[in-house]
Amino acid sequence: MKKGILYINQFFGQIGGEEMADYEPEIREGLVGPATFLQQQLKDIEITHTIICGDNFMGSRKEEAVQRIMGFLQDKEIDIFFAGPAFRAGRYGVACGTICHEVNQKLNIPAITSMNEENPGVEMFRYTDIYIFKGGKSAAQMKEDIKAMARFANKLVHGEPLLPAAEEGYFGRGKRHEIYPEDGPMAADRVVDMLLKKLRGEPFQTELPMPKTERIPIAPPIKDLSRATIALVTSGGIVPHENPDRIQSASATRWGKYDIAGMDSLSPEIFKTIHAGYDPNAANEDPNRVVPLDALRAYEKEGKIGKVYDYFYTTVGTGTTQGEAARMGREIARELLEAGVDGVILTST
Amino acid sequence: MRLEIGNFPVREVRFGETTAYSNGILTINKEEALKVVMEDEHITEADLVIACPGDPVRIVPVKEAIEPRVKVSGGTMFPGVTNELVPVGWGRTHALKGVDVLVVGKHWGGFQDGLIDMSGPGAKHTFYSSLKHICLVADTDEEFERYEQQKKNHALRWAGHRLAEYIATCVKDLEPETLEVYELPPITQRSPEVNALPGVVYVMQLDSQMEEDGYNALVYGWDSNHMLPTFMHPNEVLDGAIVSGSFMPCSSKFSTYCHQNNPTIKRLYQEHGKTINFLGVIMSNLNVNLEEKTRSALFVAQIAKSLGAVGAIVAEEGYGNPDVDFIKCIVALEEAGIKTVGITNECTGRDGRSQPLVALDERADALVTTGNVSELIELPPMPIVIGELEALARDGLSGGWEGCVRPDGSIIMENNAMFCGDTICGFSRKRMAEF
């Protein structure tokens, strides 16, 4: 038997309405309010405790509330966490999202809640690893919403295969994965059918809705280049021959930094590219074609720039996911900022 | 242009005294077949092994798949590659169906090579688990690339093309079980009824991002890196004018078999005269620098517009950097007033949360996607391995890495190395969903 705990607010915890919204977090053994119906719907999961917390308490003293609730859970056996359903109640929805996310991250267990699409908690938390089920507008839909949460929890604990978000009934979490419908239509039919609909002006459903792109504002110009320290960073895969950091030739998750202090240029006897996504000949013949240390040294001598930073940073950009690239970029930028680097020349291939 | 493809379904493949086809049984004289393979002095050793759907078999490193075919009349097989450069897409071609020649490295793999499981949980990851394979397992003396991550695989791929034609020669003079006819008259000579239907083109963006010859897809033997988009008859694609390259990460690749059997072209043929006027194929490519990408997009849109197309399908043989070519081409077509649908795969990362394409544009509002190149796939050991399993971990296959082959023979890999795993040509039933 797996163990679960449910989080609810002061209202569903039968403490009181708005006047009790400052109610301090509390944990009770057994079932309170909606926990009873949730328990009835669960198979092989026992709701051992119910946590009650006032919506204002969670809203205005979030850190304290989270800390106290996580304290409650410290000595509890817990396999799965529930919160809500929160319907359209905004503060309650945000509270459910907050605590589900915290429990999911810290205890590494699944956390399930339910909200209406208009609840601000949906947009705040849907792209985390918690499951937010598409819930009704008000408590009139309590039973339906709890059933949806419980059905999914039962699947989770029994290790049953999970369907895409739309079929399970939770808000998609921006995680796109493969599915393998054996009898599904071939891509050739899907693409021609979509074209026929588009030609006729009929509604069609793209299989890849265009995600919103993150636009990074261009940095302000460096005021005095002649005093600036400039670093070289590349996704062109230039590394010492032995590739000491074992950076992958494609789909990279690692980056390296290599000392170039005292070098006038990158020698092909020391450096080469391990990038598998472009013809390596030109880069191996002269690695400065990818990491232009020779040109930057010339600028340094002429006084156009203050100094070339003593290390260059490198990774491989082919097949590398945007997520990994962004992480590596943040890690490298952090080091460069700490080292007082003023500007970066970022080269690809 | 009229092309007849006579089909000879193969229910069983075996070795025997003579290479012959009878009642669905394909018999191969191994010795004679290997002689055809060994015509290239660079091939140092070779063997043929049969693998069928359901067999407890894992095949790796797979380099190419070819449907065994022979020209009965009109042209040659693989013109400008293994045979004389003459036009194809007309006359009669005989094809052995449900079977392919699969080119497998005896030891060495590379970035562009892939893996196929013929049964078990891995089988669902590629269409190629559903074909009977005549595996050509061989090694060469191409020392210059033995330890290179990117391999041209010239000797092996060409041997596969010769072998496929040799095998199919046994049905050259036989009566096929079924006959498919592909006929599209010249655009200006179609009936008023057909001309009244919306004109549609199929745009193929071939794998062509290597600057050096020998890696890219070939169009009548011509390196697709060195071409501008051009207009082709769909029959030419179906009849061996396009030979697969040896560069793109494997799940994104179109094998030569994919070209010979391109299901999107076949479906467009079915719609021709009913819902659309299928104008033909615009053969394009995937380029390295931005100006080349722009130029190709511009040519595609111009050709489509000049042909009077109002609809287009753009298929991208690749992912990552070529997504730029893909989106540019779609945008150029849409801007020319041509309603466009794209087909490609995605790169959403192991956690599914990365941006699916390198380039995005709101005008690409109709896309079909067939897989996630970085989907993590864990598979149990397989009793029989054809080729060399260690190649997946050792030789830089795009979905493999050091340590991804465990001592017990189980593997963990990215879809990237699944042989034609995403079949962007249109076989894929696999798709993407949000979780």
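As named in an unreviewed UniProt entry, chain B is Glycine reductase, taken from Thermosyntropha lipolytica DSM 11003.

Going by the annotation in an unreviewed UniProt entry, the name recorded for chain A is Glycine reductase, with Thermosyntropha lipolytica DSM 11003 given as the source organism.

## A word on the pairing of strand β20 (residues 339-346) of chain B
Residue and element names in this part refer to chain B. Taking burial as the measure, the eight residues of β20 include seven buried ones, the bulk of the element. As defined by bridge partners, strand β19 (residues 311-316) adjoins β20 across five bridges and the pair is classed as parallel. Residue pairing in the sheet places Ile313 in a bridge with Val341 of β20. One crossover worth recording links β19 to the parallel β20 by way of helix α8 (residues 323-335), and it is right-handed. Two elements, β20 and strand β21 (residues 367-372), share four bridges in a ladder whose sense is parallel. Across the sheet, residue Gly342 finds its bridge partner in β21, namely Leu367.

## Re the packing of helix α7 (residues 290-306) of chain B against α8(B)
Residue and element names in this part refer to chain B. Running from N to C, α7 and α8 cross one another at 35°; their axes reach a closest spacing of 8 Å. Crossing of α7 over α8 shows right-handed handedness. Residues Leu290, Lys293, Thr294, Ala297, Val300, Ala301 and Ala304 of α7 pack against Val324, Asp325, Lys328, Cys329, Ala332 and Leu333 of α8. For the contact of α7 with α8, the residue count by class is nine nonpolar, one polar and three charged.

## A look at the packing of helix α8 (residues 187-200) of chain A against helix α6 (residues 263-271) of chain B
In contact at an axis separation of 8 Å, α8(A) and α6(B) are set at 45° when each is read in the N-to-C sense. As judged from the angle between their axes, α8(A) and α6(B) are oblique. Along this stretch, α8(A) crosses α6(B), giving a crossing that reads as right-handed. Residues A:Ala188, A:Asp189, A:Val191, A:Val192, A:Asp193 and A:Leu196 of α8(A) touch α6(B), and the partners they reach there are B:Pro263, B:Thr264, B:Arg267, B:Leu268 and B:Glu271. Of the residues belonging to the contact of α8(A) with α6(B), the class tally is six nonpolar, one polar and four charged.

## Focus: the interface of chain B and chain A
On the side of chain A, 59 residues touch chain B, which itself brings 72 residues to the contact. Both faces considered, chain B and chain A share a buried interface measuring about 5,500 Å² in area, 58% of it formed by carbon and sulfur atoms. For chain B, the biggest contributors to the area lost against chain A are B:Arg353, B:Arg431 and B:Phe435; these three give 17% of the whole. Across the chain B-chain A interface, the total number found is nine salt bridges. Between B:Lys430 and A:Glu178 there is a salt bridge; the shortest N-O distance is 3.0 Å. Taken together, the links from chain B to chain A amount to 41 residue pairs in polar contact (both at pLDDT 80 or more). Of all elements in the fold, only α6, β19, α8, β20, β21 and β25 (431-434) of chain B reach the threshold of two or more residues within the side of chain B that touches chain A. Residue composition of the side of chain B that touches chain A, grouped by class: 27 nonpolar, 23 polar and 22 charged.

Reading the values: the criteria
Per-chain numbering applies: the sequence of each chain, read as written, is numbered from 1 onward. Labels follow written order: the first chain is A, the first ligand is 1, and so on. Owing to the predicted nature of the model, reporting of local features is limited to residues with pLDDT of at least 70; listing and counting of side-chain atom pairs is limited to 80 or more, with chain, interface and lining totals taken over all residues. Side-chain numbers here rest on the full set of heavy atoms in the structure, without hydrogens or water. The rule is simple: take the accessible area with a 1.4 Å probe, protein chains only, and divide by the maximum for that residue type; under 20% is buried, over 50% is exposed, in between is partly exposed. A run of DSSP states H or I qualifies as a helix once it reaches four residues; a run of E qualifies as a strand once it reaches two. Both are numbered from the N-terminal end. One bridge is not enough; two strands pair if DSSP finds at least two bridges between them. Handedness of a crossover is defined as follows: with both strands directed away from the viewer, a clockwise route from the first strand across the helix to the second makes it right-handed. Lines are fitted to the C-alpha atoms to define the axes, a helix being fitted only along its stretch in contact, and any angle between axes, read from their N-to-C directions, falls within 0 to 180 degrees. Rotating anticlockwise by less than a right angle from the far helix to the near helix defines a left-handed crossing, while the corresponding clockwise rotation defines a right-handed one. Should any heavy atoms of two residues lie within 4.5 Å, those residues are counted as being in contact. In this classification, the charged set is Asp, Glu, Lys and Arg, the nonpolar set is Ala, Val, Leu, Ile, Met, Phe, Trp, Tyr, Cys and Pro, and all remaining amino acids, among them Gly, are polar. Each angle gets one of four labels, with under 35 degrees taken as roughly parallel, over 145 as roughly antiparallel, 65 to 115 as roughly perpendicular, and the rest as oblique. Joining two parts hides part of their accessible area as seen by a 1.4 Å probe, and the buried area is that hidden amount summed over both. The salt bridge criterion pairs a side-chain nitrogen of Lys or Arg with a carboxyl oxygen of Asp or Glu, the two atoms within 4 Å. Side-chain atoms alone can form a polar contact between residues adjacent in sequence; in general such a contact is a pair of N or O atoms within 3.5 Å, and within protein one must be able to donate a hydrogen while the other accepts it.

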